[in-house]
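So the chains spell out like this:
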Amino acid sequence: MSILVIAEHDNASLVGATLNTVTAAQQIGGDIDLLIAGNGCAAAAQAAAQVAGVNRVLLADDASLEGQLAENVANLVVSLAGNYTHVLTAATTFGKNFMPRAAALLDMSQISEISEVISADTFVRPVYAGNAMAKVQSSDSIKLITVRTTKFDAAAETGGSAAVEAVAVAADSGLSRFVGLAASESERVELTSASIVISGGRGMQNGENFHMLDSIADKLGAAVGASRAAVDAGFVPNDYQVGQTGKVIAPDLYIAVGISGAIQHLAGMKDSKTIVAINKDSEAPIFQVADYGLVADLFEAVPELDKAL
Amino acid sequence: MKVLVGVKRVLDPQVKARVKADKSGIDLTNAKMTMNPFDENAVEEAIRLREAGTVEEVVALSIGAAKSEETLRNALALGADRAILVLTEDVLEPLAIAKVFKAIVEKESPDLVLVGKQAIDDDCNQTGQMLSALLGWPQATFASKLELADGTAQVTREVDSGLETINVNMPAVVSVDLRLNEPRYASLPNVMKAKRKPLEKMDLADLGLDTANRMTTIEVMEPPARAAGVIVESVAELVEKLRNEAKVI
């Protein structure tokens, strides 16, 4: 078997989710090639070459791949896919964008967000916001797969010594243009890579009150997240959102503050190793997934927690 | 300008999905069904474009069982002008749905296709991307802002690292995220009016497409249950447990 993993990167280095995707590829088994596609991304390719277990790094460095537009990335993936039995990428907004496009161009189905590898053609994936797990078998000749990265450990970033080979890039599709990225500005660790996350919900009442969580996050080296309700109420920006329709995370410790625990929020955090819920409503569904529940007014409990740390 | 909007009938998101005892799938018997929430945003956006005078006609499309007519009537009550239902009792994969959708696009020649970014039942997040690929059109996924001008669409996309803006040629397929707009509710008079709006039905078989599924569902299982937790009495006890029992801080 031969597997192509499409790496997510920022031109200089790999995004962590790529390392989890490599692990999923290793579980399928076979030679693993990593594709780095972008404009001015040679440094990311060098980083990719160090990843343990990688056979070759394919470098597609071209102006047409600026902004990694789905049309151009998908065309590149299609031009390479014939050499592989499996094509994998992380189920991030990057991977979810181009992979179904590539699959349709190849007339293959896509297997979305696998959480477990059973065999080379059989996988488990969550459905209904993780309320059920479907075991599916694919009959396609090339398996195009996105990987739920929280379900796979990260591959070692070093220890490999893959060769970097340049690959040809098709012409710009001309269908779309990258205008810009307004990156969220945070000095904290990224939600998706943090080992501790503290999230606030509607119970926080306003954006100002989220600063209470900042202080605890600073002490614990944690990332700050939020429920959809808090985001929709305008307390915090959308990239804070943890849930079925936001980020799916599985940190070592997840602290839910003033979050009731809607199905769609639970889908985004219930694989966390340890879950703490602080909520004044003892009936809140969040307590059903919490390892430690504290029924208390958050405006008393949070400052107290801050002091105790 | 004409907009074609895709809508899917799904289990109501407030209802907990229950796995059937024989593990063949989710038990939908007598379950409350509704329009996929992301599709509600797509319908809302299409209607707003028509209200703004940018669009003349909004056509809603559903591909599924006969009861999907309820979902289309809902779209009509919200303001769609007419609806198309492609009937099939089979549960099609997104690739097959995209092929059917493409056949309807070729009949209707819309300038813009709007779909929800994912259906909350299979959580696939594929149909919009696949449809645009099959049509050779550009795609703009996870849209939280849409502006049409001079034959292009400027779309703000919700991505993991923030908000990305792209500009795509029209016609295009745009898949929408929840923050694009706040969907309206259908008023009772509009619900009544929707019953008389045109709804065209056709059989999937008559379209002559290869819609065979590529995947077999071997079984559907309950997710692993979490062990029951404990209620702590104080912040001090919580910190003690996190330090000495869970050893996470």
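Residues numbered from 1 in each chain as written. Chains lettered and ligands numbered in written order. Predicted model: local features only at pLDDT ≥ 70, side-chain atom pairs only at ≥ 80, totals over all residues. Heavy atoms only, no water.

## A look at the sheet that holds strand β2 (residues 31–38) of chain A
All names here are of chain A. Spatial strand order, β5-β9-β4-β1-β2-β3-β10: seven strands in an open sheet with parallel pairing. On the outer flanks of this sheet lie β5 (110–114) and β10 (163–166), each paired with one strand and no other. Across the sheet, the mean angle separating the axes of adjacent strands is 25° when strand polarity is ignored. As paired elements, strand β4 (residues 86–90) and strand β9 (residues 143–147) share five bridges and run parallel to each other. Residue pairing for β9: Val-87 is matched across the bridge by Leu-144. (Pairing = 2+ DSSP bridges. Helix = DSSP H or I, 4+ residues; strand = E, 2+ residues; numbered from the N terminus. Axes fitted to C-alpha atoms, helices over the stretch in contact; angles between N-to-C directions.)

## Describing helix α1 (residues 37–51) of chain B
An α-helix turns once every 3.6 residues. As a result, residues three or four positions apart point the same way. Residues and elements named next belong to chain B. With 15 residues, α1 extends 21 Å between its outermost C-alpha atoms, agreeing within 8% with the 21 Å of an ideal straight helix rising 1.5 Å per residue. The set of residues buried in α1 consists of Pro-37, Phe-38, Asp-39, Asn-41, Ala-42, Val-43, Glu-44, Glu-45, Ala-46, Ile-47 and Leu-49. Backbone geometry just downstream of α1 places Gly-53 in the positive-phi region, at approximately 85°. (Expected span 1.5 Å × (residues − 1). Buried < 20%, exposed > 50% of the residue type's maximum accessible area, 1.4 Å probe, protein only.)

## What to know about the interface of chain A and chain B
Taken together, the contacts link 83 residues of chain A with 77 residues of chain B. The junction of chain A with chain B conceals about 6500 Å² of combined surface from both sides, 54% of it contributed by carbon and sulfur atoms. Viewed at the interface, chain B and chain A are joined by six salt bridges. Ionic pairing is found between A:Asp107 and B:Arg214, a salt bridge with its closest N-O pair at 3.0 Å. Linking chain A to chain B there are 43 residue pairs in polar contact (both at pLDDT 80 or more). For the side of chain A that touches chain B, the class distribution of residues is 41 nonpolar, 24 polar and 18 charged. (Contact = heavy atoms within 4.5 Å. Buried area = accessible area lost by both parts, 1.4 Å probe. Salt bridge = Lys/Arg side-chain N within 4 Å of Asp/Glu carboxyl O. Polar contact = N/O pair within 3.5 Å; in protein donor to acceptor, adjacent residues only side chain to side chain. Nonpolar A, V, L, I, M, F, W, Y, C, P; charged D, E, K, R; others polar.)

## Regarding the packing of helix α3 (residues 94–108) of chain B against helix α4 (residues 127–135) of chain B
What describes two packed helices is the angle between their axes and the distance between those same axes. All names here are of chain B. At a closest axis distance of 8 Å, the pairing of α3 and α4 adopts a crossing angle of 50°. One element, α3, and the other, α4, form an angle in the oblique class. The way α3 lies across α4 gives a crossing that is right-handed. Within the contact between the two elements, α3 uses Pro-94, Leu-95, Ile-97, Ala-98, Lys-99, Phe-101, Lys-102 and Val-105 and α4 uses Thr-127, Met-130, Leu-131, Leu-134 and Leu-135. Across the contact of α3 with α4, the residue classes break down as 10 nonpolar, one polar and two charged. (Parallel < 35°, antiparallel > 145°, perpendicular 65-115°, else oblique. Left-handed = near helix turned anticlockwise from the far one by under 90°.)

## Let's talk about the sheet that holds strand β15 (residues 274–279) of chain A
Spatially, six strands are ordered β13(A)-β12(A)-β14(A)-β15(A)-β16(A)-β13(B) in an open sheet, and the strand pairing comes out parallel. Strands at the two margins of the open sheet, each flanked by one partner only, are β13 (223–226) of chain A together with β13 (230–232) of chain B. Geometrically, the sheet is characterised by an average inter-axis angle of 20° between neighbouring strands, direction not taken into account. Relative to β13(B), strand β16 (residues 292–295) of chain A runs parallel, the two being bridged by three bridges. In the sheet register, A:Gly293 faces β13(B), and the bridge partner there is B:Ile231. The sheet strands contacting helix α8 (residues 298–308) of chain A are β14 (253–257), β15 and β16 of chain A, and the helix crosses β15(A) at an angle near 135°. Set on the sheet, helix α6 (residues 235–244) of chain B makes contact with β14, β15 and β16 of chain A together with β13 of chain B; between it and β16(A) the angle comes to about 170°.

## Comments concerning the nonpolar core
The nonpolar side chains of a soluble globular protein tend to be buried with one another. Ranked by internal contacts, the top residues of the largest apolar core, which has 53 residues, are A:Leu35, A:Val87, A:Leu144, B:Val86, B:Phe101 and B:Val113. In terms of residues, this core owes the most to one element, α3(B), which gives eight residues. In this structure, B:Val113 is in contact with B:Leu4, B:Phe101, B:Val105, B:Leu131, B:Trp137, B:Ala172, B:Val173 and B:Val174, ignoring residues within four places of it in sequence. (Core = buried A, V, L, I, M, F, W, Y, C linked by side-chain atoms within 4.5 Å.)

## Describing the pattern of salt bridges
This model, assessed by the stated rule, comprises 34 salt bridges over all chains. Through salt bridges with shared partners, a single network forms among A:Asp107, A:Asp140, B:Lys99 and B:Arg214.

## Examining a nonpolar patch on the surface
On the surface, a cluster of nonpolar side chains totalling about 280 Å² of accessible area is made up of B:Leu188, B:Val191 and B:Met192. Residue position: B:Met192 is located in helix α5 (residues 188–194). (Patch = residues over 30% accessible without salt bridge, like charges linked within 9 Å, V, L, I, M, F, W, Y side chains within 5 Å. Areas by Shrake-Rupley, 256 points an atom, 1.4 Å probe, with all protein chains shown as cover.)

## Section: the packing of aromatic side chains
Enumeration according to the criterion identifies two aromatic pairs over all chains in this entry. The aromatic ring of B:Phe142 is capped on one face by B:Lys117, whose charged end is 5.8 Å from the ring centroid. (Phe/Tyr/Trp six-rings, centres within 6.5 Å; stacked < 30°, edge-to-face > 60°. Lys NZ or Arg CZ within 6 Å of the ring centre and 35° of its normal.)

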